[in-house]
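Reading the structure
One-letter residues, chain by chain:
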Amino acid sequence: MEDRNSKGRIIKEAFPSEIVSIIGDILAGVVLTVLILPFQSFILLILIIPALLSLRGNLSGPYIARTSRDFIIGEFNKNSLIQNVLATYSLAIITGFVIGSLSLLLNVFLIKLDLIPWYFILLIPVISICLTLSFSIPCSTMLNYIAFKNGLDPNNVVSPIMTAIDDFLTVICFFLTLVLMGVP
Amino acid sequence: MEYFKKIFKESLIVVILSSIMGIFSGTFLAENDEVLYSFPIILLLLPSLNSLIGDISTILTSRLTSHLYIGTIPPKIKKSDKLVQDFYGLLITLILSIFALIIIGYSVGLITAVEIVNPFLIILLIIITIMILFAIMFIFLFISSILLFKLGKDPNNYLIPITTSLLDFLTPLTLILLLQIFI
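Residues numbered from 1 in each chain as written. Chains lettered and ligands numbered in written order. Predicted model: local features only at pLDDT ≥ 70, side-chain atom pairs only at ≥ 80, totals over all residues. Heavy atoms only, no water.

**Observations concerning the nonpolar core**
- In this structure, Leu45(B), Leu49(B), Ile122(B) and Phe134(B) are the most contacted members of the largest nonpolar core, which totals 52 residues.
- Counting only elements with at least two residues in this core, the list comes to α1 (7-36) of chain A together with α1 (2-31), α3 (40-70), α4 (81-111), α5 (119-150) and α6 (155-182) of chain B.
- Non-local contacts of Phe134(B), meaning those with residues more than four positions away in its chain, are made with Ile53(B), Ile56(B), Phe87(B), Leu90(B), Leu91(B) and Leu94(B).
- One finds Ala92(A), Leu104(A), Phe120(A) and Met162(A) within the second-largest nonpolar core, a separate group that totals 42 residues. (Core = buried A, V, L, I, M, F, W, Y, C linked by side-chain atoms within 4.5 Å. Buried < 20%, exposed > 50% of the residue type's maximum accessible area, 1.4 Å probe, protein only. Helix = DSSP H or I, 4+ residues; strand = E, 2+ residues; numbered from the N terminus. Contact = heavy atoms within 4.5 Å.)

See below:
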């Protein structure tokens, strides 16, 4: 059996996941252009989008890595999962408010766009991130479990696949948030 | 709730800093829209370039963390067999992925009728950008993981958010700088 840490195994497990990630991200870019670009307030939304897309690294990435590690070292259980999820949501709400506040400041001093009420700018990232995580967390936990149970190293497989899924979810949930809030 | 507190305490500052960096990244891209609009294929490829180098760094961090926790890499800054295996494994994965990204990206570009300007130079600059960032990130992540682990911290909580956000900023920055030098 091939060693879990051999370079051959890293390539075999990580490369197919990367292909999925690349396809997903290229399509996410296309979807982003088609869905978000037509908004009148696009110049303001473009400030928020890179910060939202970095969600995968700020919140989802560490969540996936912690879950993978818990599986590998045999410490995955209901209690660790609940605390991991709660911590991720708490951090998500704070992250959303930070992104919203900075965007609000940039809008006041730089962009000066008055199409959106100020509290919308604060709320859009919070709602969008929480919505994204509500799909992303069950999905990545399930993928980690499936990868581990099938003898794959979750570290190699889950992160790249979830990058594509998370980027897609981020764009779609951002769009849904804008539609739900009636952003022009 | 010890696990919750540990995650929250170790992640909070990093997450806030990463969000600020994300906003900077948006502002930087907006300020360089002329360069990006001159080479629209870069706009198409940029999200996947960001996530490719981000994914490789995330895999490296989570592998190093797992190695450190289960003791297969000693918490010392020195070369080891596992580290060499990880380096070559990730480097080969990265090279294969760059070629896949270029093929898929340019195919989508052709299908969606995106203007393709100076393709060979752009491809070369993309490869140079990713290789420079990989070299920097490998050294940075290895040393940082060891130091954080020695301090009793979980490297996953600190390094993944920092490197992903840093790379979301550094990838377009390096690529745009190289573009301005060579074109």
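**Observations regarding the pattern of salt bridges**
- With the rule as written, the count across this model stands at four salt bridges over all chains.
- For Arg69(A), the salt bridge identified is with Asp70(A), shortest N-O distance 3.3 Å.
- Given the relative accessible area of 3%, Asp70(A) is considered buried.
- Note that Asp154(B) is salt-bridged to Arg69(A), the shortest N-O span being 2.0 Å. A residue pair is termed interchain when its members come from two chains, as with Asp154(B) in the loop between α5 and α6 and Arg69(A) in helix α3 (residues 55-72). Comparing Asp154(B) with Arg69(A) shows no difference in burial state: the two are buried. (Salt bridge = Lys/Arg side-chain N within 4 Å of Asp/Glu carboxyl O.)

**A few points about the side chain of Thr132(A)**
All names here are of chain A.
- Counting through the fold element by element, Thr132 comes out in helix α5 (residues 118-149).
- By relative accessible area, which is 1% here, Thr132 ends up buried.
- Contact partners of Thr132, with chain neighbours within four places excluded, come to Leu55, Asp166, Leu169, Thr170 and Cys173.

**Some details on the environment of Lys76(B)**
- Following the sequence through the fold, Lys76(B) ends up in the loop between α3 and α4.
- Beyond its immediate sequence surroundings of up to four residues, Lys76(B) is in contact with Phe142(B) and Ile146(B).

**Brief notes about the confidence of the model for chain B**
Residue and element names in this part refer to chain B.
- Summarising the model, chain B shows a mean pLDDT of 86, and 98% of its residues fall at 70 or more.
- Across chain B, α5 holds the top mean pLDDT of 93, while helix α2 (residues 33-38) sits lowest at 71.
- Across the interface, the model reports ipTM at 0.80; the global pTM reads 0.75. (pLDDT = per-residue confidence, 0-100.)

**Comments concerning the side chain of Thr67(A)**
Residues and elements named next belong to chain A.
- Here Thr67 is to be found in helix α3.
- Take Thr67: its relative accessible area is 1%, and that puts it in the buried class.
- Setting aside anything within four residues of it in sequence, one finds Thr67 in contact with Phe76, Asn84 and Asn144.

**Concerning the interface of chain B and chain A**
- Taken together, the contact between chain B and chain A spans 58 residues of the former and 56 residues of the latter.
- For the pairing of chain B and chain A, the buried interface totals around 4,800 Å² over both sides, and the portion due to carbon and sulfur atoms is 70%.
- When the area that chain B buries against chain A is broken down by residue, the three leading residues are Tyr3(B), Ile23(B) and Arg63(B), summing to 14%.
- The tally of links from chain B across to chain A stands at one salt bridge. (Buried area = accessible area lost by both parts, 1.4 Å probe.)

**Here's the deal with the packing of α1(B) against α6(B)**
Residue and element names in this part refer to chain B.
- Closest axis-to-axis distance for the α1/α6 pair is 7 Å, and the angle between their directions is 10 degrees. As the angle between them shows, α1 and α6 are arranged roughly parallel. Across the interface between the two elements, Lys6, Ile7, Glu10, Ser11, Val14, Ser18, Met21, Phe24, Ser25, Phe28 and Leu29 from α1 touch Asn157, Tyr158, Pro161, Ile162, Ser165, Leu166, Asp168, Phe169, Pro172, Leu173 and Ile176 from α6.
- Taken together, the residues of the contact of α1 with α6 break down into 14 nonpolar, five polar and three charged. (Axes fitted to C-alpha atoms, helices over the stretch in contact; angles between N-to-C directions. Parallel < 35°, antiparallel > 145°, perpendicular 65-115°, else oblique. Nonpolar A, V, L, I, M, F, W, Y, C, P; charged D, E, K, R; others polar.)

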